[in-house]
Amino acid sequence: MSHFLFLNASTREPGHVGNSETLARHAAAGLPAGTEQHWLKLAELALPPFVDLRHTAGTYPMPEGDARLLLDQTLAATDLVFVSPVYWFSIPSPLKTYLDHWSGWLRVPGLDFKERMAGKRLWVIATSGNREKAQAMFDSYRLCAEFLGLQWQEPLWGKGGAPDAVLADSAALAAAQTCFSLA
Ligand SMILES: Cc1cc2nc3c(=O)[nH]c(=O)nc-3n(C[C@H](O)[C@H](O)[C@H](O)COP(=O)(O)O)c2cc1C
């Protein structure tokens, strides 16, 4: 049974739905009935700044609080969906911090993070002003997927801007309908 974890990286204020989430909700509507799905907005979680201990302590303790919640949700998922605006041609900081924590989770004794991540599928649903200039962000996510043996899926992109702008991108909405059809 598939278990989709949607990680929303938008920094819109609480209660405000961004374009990336709007597009991702259209895609999620096409998930097969009974597919488990869980949504988290990263900016509303208290993920601490990442600290590089690789060449001092060398290992990390099991995370606590919201970091532990994210770790547990990540490991429980068969499918990770990065719901990601493009910020400065790159990965938004809430999602970048989450990815930095993967470096710590790789070094939690006994966790076997890398082995347990291998084979999960990684989807990216993004909005921004320009598809071509989103490519660097997609390439970064794809390289992260390859590093951990995740199955990279073709990204879904829509034209964003002000809230609901993506609803005018009929090609993106049509692509969203079938985005997860093979899931
Ligand atoms: C800090 C910041 C940086 C941005 N940088 C870019 C960018 O480099 N390229 C671009 O096309 N749009 C950029 N945008 C616009 C957003 O990608 C666009 O409005 C997107 O739809 C926002 O997603 P959301 O509605 O899900 O929050 C930026 C927006 C913000 C707030």
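Look up: the structure comes first, before these words.
What counts, and where the lines are drawn
- Residues numbered from 1 in each chain as written.
- Predicted model: local features only at pLDDT ≥ 70, side-chain atom pairs only at ≥ 80, totals over all residues.
- Helix = DSSP H or I, 4+ residues; strand = E, 2+ residues; numbered from the N terminus.
- Buried ≥ 20, exposed ≤ 12 C-beta atoms within 10 Å, placed from the backbone.
- Near = placed C-beta within 6 Å.
- Nonpolar A, V, L, I, M, F, W, Y, C, P; charged D, E, K, R; others polar.
- Axes fitted to C-alpha atoms, helices over the stretch in contact; angles between N-to-C directions.
- Parallel < 35°, antiparallel > 145°, perpendicular 65-115°, else oblique.
- Left-handed = near helix turned anticlockwise from the far one by under 90°.
- Contact = placed C-beta atoms within 7 Å.

Colleague: Could you clarify how one ought to interpret unusual backbone geometry in this entry?
Modeller: Trans is the prevailing form of peptide bonds, just as negative phi is the prevailing case for residues other than glycine. The phi dihedral of W88 falls on the positive side, at around 50°, and the residue is not glycine. Locating W88 in the fold gives a position in the loop between β3 (79–85) and α3 (93–105). Despite not being glycine, D164 shows a phi value in the positive range, around 75°. In this fold, D164 is placed in the loop between β6 (156–159) and α6 (170–179). Residue D164 is classed as exposed on the basis of its C-beta count, with 12 C-beta atoms lying within 10 Å.

Colleague: Is there a simple way to explain the site of the ligand in this structure?
Modeller: In the vicinity of the ligand there are 18 residues, among which G18, S20, P85, G129 and G160 approach most closely. For the shell around the ligand, the secondary-structure elements that each account for two or more residues are α1 (19–28) and β4 (121–128). Looking at which element gives the most residues to the shell around the ligand, the answer is α1, with three residues. For the shell around the ligand, a count of residues per class yields five nonpolar, 10 polar and three charged.

Colleague: What is the right way to look at the packing of α1 against α6 in this model?
Modeller: What describes two packed helices is the angle between their axes and the distance between those same axes. In the contact formed by α1 and α6, the axes pass within 6 Å of each other and the chain directions differ by 45°. Judged by the inter-axis angle, α1 sits oblique to α6. In this structure, the crossing between α1 and α6 has a hand that is right-handed. Seen from α1, the contacting residues are L23, H26 and A27; seen from α6, they are A172, L173, A176, Q177 and C179. Of the residues assigned to the contact of α1 with α6, the class counts are six nonpolar, two polar and no charged.

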